[in-house]
Amino acid sequence: MNNTDGRKLSEQGFEEALRMFFDNGEIFRCELICCFIQKLKAVLDVMEKDLCSYRFYNSSLLLVYEGEGARYSRIGKMDCFMNPSDDNHSTLDGSLEQCTCECTSEQMDIRMIDFAHVSRDDSHADKSSRDTCPDKGYIFGLKSLIRILRKIQEDHHRKKNLEFVGLTDNAERDSVDS
């Protein structure tokens, strides 16, 4: 897939592309999803608090992870879980959560790339920071990506639970979902 293909994706197509991204050919790497969500929330926090005067036009997020299953066989056996916590990691809906996975920068990372059209707007210095903060488009994109990753994570767990109770036939799954 290239940039042109990516621009043509609907939200559903983008979700499916992300599902394929987390499948390394051997296993579905769900345990990495909560790690990516935590890193995305950190980027979101910086965008909302520290980068108010910057606008990120046409920039991108690069998500990478170690796909070689044998190298991280212990991690391949883990699954992704978000547990309630008293930490200050708030979700988009206001509840608190903490990632139970242990991912390192050797296993996965997120990078902001393509800064050719980033600009700084200090012309509103006389206005309150509320008028100029934050880059709402970038914030919307980050929140949307977090929401989609959570949906993929929830769908994966729903499927695993159905398989656990023996409902592996699609017709049986559909009757449970409705």
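Residues numbered from 1 in each chain as written. Predicted model: local features only at pLDDT ≥ 70, side-chain atom pairs only at ≥ 80, totals over all residues. Heavy atoms only, no water.

- Under an unreviewed UniProt entry, the name given to the protein chain is Kinase, and the organism recorded is Paramuricea clavata.
- Quoted verbatim from the Sequence similarities (unreviewed entry) field of the UniProt record, the comment on the protein chain reads "Belongs to the inositol phosphokinase (IPK) family." (UniProt positions renumbered as here; feature names shortened; annotations may be inferred.)

**Quick notes on the overall build of the protein chain**
Moving on, step 1. Along its length, the protein chain carries 7 helices and 6 strands.
Moving on, step 2. Along the chain direction, N to C, the helices and strands of the protein chain fall in the order α-α-α-β-β-α-β-β-β-β-α-α-α.
Moving on, step 3. Residues counted as buried form 35% of the 178 residues belonging to the protein chain.
Moving on, step 4. Long-range contacts, defined here as pairs at least 24 residues apart, represent 79% of the contacts in the protein chain between residues at least 6 apart.
Moving on, step 5. For the protein chain, the accessible area works out to roughly 11,400 Å², and carbon and sulfur atoms hold 49% of it. (Helix = DSSP H or I, 4+ residues; strand = E, 2+ residues; numbered from the N terminus. Buried < 20%, exposed > 50% of the residue type's maximum accessible area, 1.4 Å probe, protein only. Contact = heavy atoms within 4.5 Å. Areas by Shrake-Rupley, 256 points an atom, 1.4 Å probe, with all protein chains shown as cover.)

**Here's the deal with unusual backbone geometry**
Moving on, step 1. Not every positive phi belongs to a glycine, and Asn-58 is a case in point at roughly 60 degrees.
Moving on, step 2. Counting through the fold element by element, Asn-58 comes out in the loop between strand E1 (54–57) and strand E2 (60–65).
Moving on, step 3. Look at Asp-114: it is not a glycine, yet its phi comes out positive at around 65 degrees.
Moving on, step 4. As for its position among the elements, Asp-114 is in the loop between strand E5 (108–113) and strand E6 (117–120).
Moving on, step 5. A relative accessible area of 42% means that Asp-114 is categorised as partly exposed.

**Here's the deal with the packing of helix H2 (residues 11–21) against helix H6 (residues 136–164)**
Moving on, step 1. Viewed as axis vectors pointing N to C, H2 and H6 meet at an angle of 60 degrees, and their least axial separation amounts to 10 Å. Considering the angle they form, H2 stands oblique to H6. The chirality of how H2 crosses H6 is right-handed. Contact residues: H2 offers Glu-11, Phe-14, Glu-15, Leu-18 and Arg-19, while H6 offers Leu-145, Arg-147, Ile-148, Leu-149, Lys-151, Ile-152 and Asp-155.
Moving on, step 2. Looking at the contact of H2 with H6 residue by residue, the class counts come to 6 nonpolar, no polar and 6 charged. (Axes fitted to C-alpha atoms, helices over the stretch in contact; angles between N-to-C directions. Parallel < 35°, antiparallel > 145°, perpendicular 65-115°, else oblique. Left-handed = near helix turned anticlockwise from the far one by under 90°. Nonpolar A, V, L, I, M, F, W, Y, C, P; charged D, E, K, R; others polar.)

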